[in-house]
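# Results of the structural survey
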Amino acid sequence: MQVLKFGGSSVANAKNMNQVVSIVLEAVKKEPLVLVLSAMGGVTDALLQTGSLAEAGNESYQQVLKGLEQKHLDAVRELLPIQQQSACLSQVKQKFNELEAISDGVFLLGELSDRTRDRMVSYGEILSSLIMAAKFQSIPVEQLWVDSRNLIKTNSHHGNALVDFGKTNQLIKDYLSKNPCSLYVTPGFIASDQLGHTTTLGRGGSDYTAAIYAAAIQASVVEIWTDVSGMMTADPRLVANARPIQHISYQEAMELSHFGAKIIYPPTIQPVMTAHIPVWVKNTFAAQEHGTLIENGTSINDNIIRGISSVNKISLLSLEGSGMVGIPGFSKRLFEALANQSVNVILITQSSSEHSICVGINEADTEKAKAAIDLMFSHEIQTGRVEPLKVEKGLSIVALVGEQMKSHPGISGKMFGVLGRNGINVRAIAQGSSEKNISAVLSSIDVQKAINVLHEEFFETTYKQLNVFVAGTGNVGGKLLAQLQKQYQYLLEHLRLQIRVVGLANSKSILVQEEGIDLDNWKSGLEAAPLGTIHQFVEQIRTLNLRNSVFVDVTANAEVAAVYGKLLTRSISVVACNKIACSSSFSAYQLLKQQAREYNAKFLFETNVGAGLPVIGTLTDLLRSGDAISKIQAVLSGTLNFVFNNYNGSKPFAQVVRQAQAEGYTEPDPRLDLGGTDVMRKIMILARESGRQIEMDDISNEYFLPASCFEGSVEDFYAEMEKQESHFKAIYDAAAAKNCKLKFVAAYENGKAAVGLQHIPAESDFYHLYGKDNLVLFYTERYPEQPLVVKGAGAGADVTASGVFADIIRVARV
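On a predicted model such as this, the values are computed, not experimentally measured, just so you know. (Residues numbered from 1 in each chain as written. Predicted model: local features only at pLDDT ≥ 70, side-chain atom pairs only at ≥ 80, totals over all residues. Heavy atoms only, no water.)

## Section: the nonpolar core
Here is the rule we go by: What is meant by a nonpolar core is a set of buried Ala, Val, Leu, Ile, Met, Phe, Trp, Tyr and Cys residues, joined one to another through side-chain atoms within 4.5 Å. Per-residue accessibility, obtained with a 1.4 Å probe over protein chains only, is compared with the maximum for each type, and a residue is labelled buried under 20%, exposed over 50%, and partly exposed between these values. Strands are runs of DSSP state E lasting at least two residues, helices are runs of H or I lasting at least four, and both sets are numbered from the N terminus onward.
With 81 residues, the main nonpolar core has Phe551 and Phe704 as its most contacted residues. Ranked by the residues each element gives to this core, the list is headed by helix H25 (residues 677–689), at 7 residues. Listed in part, the 55 residues of the second largest apolar core include Val20, Ala39, Ala46 and Val141.

## A short note on the pattern of salt bridges
To keep things clear, this is the line we draw: Here, a salt bridge means any side-chain nitrogen of Lys or Arg that lies within 4 Å of a carboxyl oxygen of Asp or Glu.
For the structure on display, the rule yields 24 salt bridges. Salt-bridge contacts for Arg149 lead to Asp147; the nearest nitrogen and oxygen are separated by 2.9 Å. With a shortest N-O distance of 3.1 Å, Asp669 and Arg671 are connected by a salt bridge. Connected via shared salt-bridge partners are Lys579, Asp678 and Lys682.

## Structural notes on the packing of helix H1 (residues 14–28) against helix H3 (residues 61–79)
Counted only if it meets this: Axis angles are defined between N-to-C directions and span 0 to 180 degrees, where every axis is a line fitted to C-alpha atoms and, for a helix, only to the segment in contact. Angle categories are assigned with fixed cut-offs, so that under 35 degrees is roughly parallel, over 145 is roughly antiparallel, 65 to 115 is roughly perpendicular, and the rest are oblique. In this scheme the handedness of a crossing depends on how the near helix is turned from the far one: anticlockwise by less than a right angle means left-handed, clockwise means right-handed. Every residue pair with non-hydrogen atoms within 4.5 Å of one another is taken to be in contact. Residue type decides the class: Asp, Glu, Lys and Arg count as charged, Ala, Val, Leu, Ile, Met, Phe, Trp, Tyr, Cys and Pro as nonpolar, and the leftover types, Gly among them, as polar.
Between H1 and H3, the shortest axis-to-axis distance is 9 Å and the interhelical angle comes to 55 degrees. Regarding the angle of H1 to H3, the classification is oblique. In the packing of H1 onto H3, the handedness of the crossing is right-handed. Mapping the contact onto sequence places Ala14, Lys15, Met17 and Asn18 in H1 and Ala75, Glu78 and Leu79 in H3. When grouped by side-chain class, the residues that make up the contact of H1 with H3 number 4 nonpolar, 1 polar and 2 charged.

## Observations concerning the side chain of Arg500
Applicable threshold: Charge assignment: positive for Lys and Arg, negative for Asp and Glu; neither His nor the chain ends contribute.
Among the secondary structure elements, Arg500 is positioned in strand E18 (residues 497–505). It is Glu514 that comes nearest to the buried, bridge-free Arg500 among opposite-charge side chains, at 6.1 Å. With near-sequence residues (within four places) excluded, Arg500 lies in contact with Gln465, Leu466, Asn467, Val468, Glu514, Glu515, Gly516 and Leu546.

Structural data, given as structure tokens:
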């Protein structure tokens, strides 16, 4: 014999009920079965609402009852042939007359006892099962409607009664043996106590009913039919890539259901596990899909972790004090106090020093739990042996479940490592000696992020997802977005990396789309986006709290650079093309580096020096491998190199600078380049990355621009350069007279840095430097005479964007 149970969504209306009928008719061809039914979807909640309204003296309970009655009558009329509706319609009306009488009594008394509440909610399952029995009778199929209250016996703990399995098993066996039939239709969820009063088995108890019947009759299988295709590796409402679990052990299923996997009711597993009866969780609306088979053992597969689950609305109660150390009985008294108030303990953790113990409980039980513990330990608290109970709310439990964890070291490290890298703080940890479960208590606002990063780490071997937020959509920003779009498929296929641009911001607007921005239409999307500031953009990033988040700054804006700390302290990595942060005060630079380390985030700024050239990366590799920097010489301004490579006095200096700006080689204000400020910042960044504490004031600069060029607007600057053409011509002529070229050179040696325009002779490494190229010479202990050379294009939107792109990929490859 087999047992099939169908949930509320499966019998929510006549259409769904017909689907159930089709499944049952196929199943009953194989062997007789017990059909256990939940109430129609939403009915149990509505019945509870009816009782609450009646108790409160609110006459609207009558309207709720009428709505429920009409729902059931409509189902009968749609489900049954007209000539066979009468008897069933009369049954439904009779049951609602009884319900109305009970509700009227509650209304008059203004009181709703647990016993009466159980009686009221029992009608949901009774009605749905009577209607389904009538449907099978109309086909016709040999069937019997069985009132579970006559067979399942419990204590009188209304709302969550305990089953007397000895009596229940005997009653079920006796009834079925005396009343042989191919199909027994029975309501789930309900039972009765020794006095015959209706009791219930707890919300979700219809699953339990199915398991009770199965264990009593030694069924071949229990099938739980619901509206999803079995248990999933994670809640699909939280994890888009959650996948079905085809096979799972009883123990794993119990762990997952205990920690929030709502597909199956936790007590369901115990009776069938004892009897070694397999449980199959299947989808009523996709009956052909495999679903999840729960049985005594499962085959070993590639996934060490079977699933990830969570429980929300948890409070953590912490009891600690020196008076607990070495004193037997403290834990007993704590649990006794909670048990006396019927408070369920979900998680326990205790320090090995016995100085503290903490328990996780449902948030709804917090106040009565605190009162009970305070009373139990009042003497110890008053005498200072134990500190007052600490209560933390707004927490959740996330659990990894899998039997294979016990034979694979490093799972805990992997779990807490990925949580830490994403800035998720763990408040408490618990793991049983069986190693089937590792549980972590964390803030509820981090639950979705935590489950996603864990699912990605343990299940999604196909790719890693990076969520990118870009500030600055100008020349470099636009090129970066184009490169990201072009390489999307390549990264997915070759690096198993999915880069999603989730947010864009320019000086006016903010565009954020959690599902990812369409890079074909980002310009129109940003134009239509609401106005917003960089601070609002950052708050949206922090609030979204997406896993593997990266903030990319391709502006030259000080206000944008000022927000890095807010992001790093939330474990959001920062990729900066903007040089302002790293060239600000040394203390500010050092703080950002420290925050990145402390909060497991990346702070990368390769393009601060040399655009896309691997200058900072090379320097870092030298230092990490144990080398030491003795001297750096460099041409670090692609702009200045372009200008002096193209200026020979035949056309005005101002015109050459305009050309450089038009081709995207200069800062928005070219004076930052021509005045040497930009080069000063770059050599300072290199000096700092070499380990030297240095400020801008410590760098000498031999200016070649007249002071008057620094006054007024950018257009004033160009006008003044035209007036000063003879000055620039004289500089060029002086170098040409010595057969030298003009190069703006930066140098760092013995802790000192300097920048300035120099005459470069033909034998110099800098002489044959053309166009917008940069050249960096690293003199080190290993390269004392022949330097390590980095050379290439040091300006331009494309190469700068590619350098930023490379840093984004570095963030992903932690």
